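The lines below spell out each chain.
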Amino acid sequence: MARATIWKGWLLALGFLLAGVSPAGLAQARRVLGIAMPTTPPNVVHLPPWIAQEGGMFARYGIEPRIFTFEGGPSALRALLGGRGEVHIAAPGIPPFVSALARGAELRALYSYAMPHPVVMVARPEVRRCEDLRGRKIGTPGGVGAYPEVMARAVLQSCGLSPRDVQYVSIATGARVPALLSGQIDAITMHLDQAYEALDQKRDLRILARLWEVLPRGWYAAYVTTGEIIRTEPQLLQDAVCALIEAQRFIYQNRSRTIDIGVKYTKFSRDVVARTYDEFTRRGLWPVNEALHRDLVESGIETEVRIGTLSAAERPTYDRAVEWGFVRACLTKLGKWTGDPRWY
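### Considerations on the overall build of the chain
Along its length, the chain carries 16 helices and 10 strands. A globule of 344 residues ought to have a C-alpha radius of gyration of about 20 Å, and the chain, at 22 Å, matches this closely. In the chain, which comprises 344 residues, the share counted as buried stands at 55%. The contacts of the chain with a sequence gap of at least 6 include a subset with a gap of at least 24, amounting to 80%. On the chain, roughly 15100 Å² of surface is accessible, and the fraction owed to carbon and sulfur atoms is 52%. Side-chain charges of the chain comprise 42 positive and 33 negative groups, with the mean position of each set lying 3 Å from the other.

Structure, rendered in structure tokens:
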């Protein structure tokens, strides 16, 4: 009887191994994590949740990810705030996040997948400098207040212009490149991978501005959750943050595998994904340590005030915007990366 029991135990353990699940992890295997991402399909900058899925980081923490994609950060945030519990974390840009805070929403940033703005303004060949935008047509997917318009406004401010000096043209998110190529618009802000794709199709287009230079103290995006989820699912959030930190570290250590995953999910060519990856890793775009440093967050919020996303009176405090505890616990477990100025 004892031998039969031992033999059955070995068979059961073998079954777990073949399935990629440890016996200790079975109790966690049903923990579902819903993540709302702000673009469909993702851009290269948005890859960390898919890296954590494909690279096994979520699985190691007993998480079954369900990644939902939306047309814009506001929609991703609404899925978190107004959903039926399917979404635990949203990953919007900072403009809709701080606007929601200003309206009284109980939200907190848990971590970030990029503090610097990873977008550029691309213009037709006749627009050679920022001042040449006067009287031109600028594409604004999502309309006034959406991320592309806010970034366009920042570019205009950098050379003394304002939205009154240009003509906004509302276009669909997926129409950015065709609208620019056809002359329907003269300029538009877009992700770097989209810009590379556009320049491959029309070589005389130009990158007019890089937003990480226009807004050097900006704050691009965050992984965000609600106060209620923090209170009811703290261990799930803790493990999710640790998995995402590990995924963002994986990106720097595994160029080829990251590019493979990027091609699979972004639908860009391998060349576009590789060029974008190389630029972002050279600049240390993806954080690997604390990310949400007080000075970076407060400077990012001040930038939103300066470009008009919210008023000075609506400005949230650092403690109102950020929940630090999960990152602190993860870094205690994982340790900090040091020895390179890119690591933050």
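### Considering the packing of aromatic side chains
Applying the stated criterion to the full structure yields 11 aromatic pairs. When the centroid spacing of 5.9 Å and the interplanar angle of 85° are considered together, the rings of Y113 and Y220 count as edge-to-face. Residue Y113 is found in the loop between β4 (107–111) and β5 (119–123), and its partner Y220 is found in the loop between α9 (211–214) and β10 (223–226); the two are separated by 107 residues along the sequence. Overall, Y113 belongs to the buried group, its relative accessible area being 0%.

### Some points on the pattern of salt bridges
All told, the structure shown has 26 salt bridges when counted by the stated rule. Between R294 and D319 there is a salt bridge, with the nearest N and O atoms lying 3.5 Å from each other. Taken together, the positions of R294 in helix α14 (residues 294–306) and D319 in helix α15 (residues 318–321) put the pair 25 residues apart, joining distant regions of the chain. A residue is classified by how much of its surface remains accessible, and R294, at 42% relative accessible area, is partly exposed. Salt-bridge contacts for R342 lead to D340; the nearest nitrogen and oxygen are separated by 2.9 Å.

### Thoughts on unusual backbone geometry
Of note, the bond from T40 into P41 is cis; its omega dihedral lies within 30 degrees of zero at -10°. Structurally, P41 can be placed in the loop between β1 (31–37) and α2 (48–54). You will see that K267, though not glycine, has its phi angle at about 75°, which is positive. Within the secondary structure layout, K267 lies in the loop between α12 (255–266) and α13 (270–283). The exposure class assigned to K267 is exposed, which follows from its relative accessible area of 61%. Of note, A291 is a non-glycine position whose phi angle comes to about 65°, a positive value.

### Side note on the side chain of T276
Here T276 shows up in helix α13. Here V272 takes part through its backbone oxygen, which lies 2.8 Å from a polar atom of the side chain of T276. If we skip the residues at most four places from it in the chain, T276 touches V44, L192, D193 and Y196.

### Some thoughts on helix α8 (residues 192–201)
Residues lying three or four places apart along an α-helix face the same way, a consequence of the helix completing one turn every 3.6 residues. Counted residue by residue, α8 has 7 buried out of 10 residues, so it is predominantly covered. Here α8 has its buried residues at L192, D193, Q194, A195, Y196, A198 and L199. Those residues of α8 that are buried lie in contact with β5, α7 (176–182), β8 (187–191), β9 (206–210), α9 and α13.

### What about the nonpolar core?
Residues F97, L107, M121, V122, L133 and W219 are the most contacted members of the largest nonpolar core, which totals 124 residues. When neighbours within four sequence positions are excluded, W219 is seen to be in contact with I94, F97, A109, S112, A114, M115, H117, L292, V297, G300, I301 and E304.

### A closer look at helix α5 (residues 94–102)
With 8 of 9 residues buried, α5 lies mostly within the body of the structure. Looking only at α5, the buried set comprises I94, P95, P96, F97, V98, S99, A100 and L101. Taken from the residues just after α5, G104 is the one with a positive phi, measuring 100°.

### Comments concerning the side chain of R249
Relative to the helices and strands, R249 resides in helix α11 (residues 234–253). At a separation of 2.7 Å, a polar atom in the side chain of R249 contacts the main-chain carbonyl oxygen of G335. Contacts of R249, omitting those with residues within four sequence positions, involve V288, N289, L331, L334, G335, K336 and W337.

### Comments concerning the state of the cysteines
Applying the stated criterion to the full structure yields 2 disulfides. A disulfide bridge connects C130 with C159, and the sulfur atoms are separated by 2.0 Å. Its S-S torsion of about -60° marks the bond between C130 and C159 as left-handed, since a negative value means left-handed. Highlighted residues: C130 in the loop between β5 and β6 (137–139) and C159 in the loop between α6 (147–158) and β7 (167–169), separated in sequence by 29 residues. The same class applies to C130 and to C159, which are both buried. A sulfur-sulfur separation of 2.1 Å characterises the disulfide bridge that pairs C242 with C330. Measuring the twist about the S-S bond at about -100°, one finds the C242-C330 disulfide to be left-handed.

Conventions used here
- Residues numbered from 1 in each chain as written.
- Predicted model: local features only at pLDDT ≥ 70, side-chain atom pairs only at ≥ 80, totals over all residues.
- Heavy atoms only, no water.
- Helix = DSSP H or I, 4+ residues; strand = E, 2+ residues; numbered from the N terminus.
- Rg over C-alpha atoms; globule rule 2.2 N^0.38 Å.
- Buried < 20%, exposed > 50% of the residue type's maximum accessible area, 1.4 Å probe, protein only.
- Contact = heavy atoms within 4.5 Å.
- Areas by Shrake-Rupley, 256 points an atom, 1.4 Å probe, with all protein chains shown as cover.
- Lys, Arg positive; Asp, Glu negative; His and termini not counted.
- Charge placed at Lys NZ, Arg CZ, Asp CG, Glu CD.
- Phe/Tyr/Trp six-rings, centres within 6.5 Å; stacked < 30°, edge-to-face > 60°.
- Salt bridge = Lys/Arg side-chain N within 4 Å of Asp/Glu carboxyl O.
- Polar contact = N/O pair within 3.5 Å; in protein donor to acceptor, adjacent residues only side chain to side chain.
- Core = buried A, V, L, I, M, F, W, Y, C linked by side-chain atoms within 4.5 Å.
- Disulfide = S-S within 2.5 Å.

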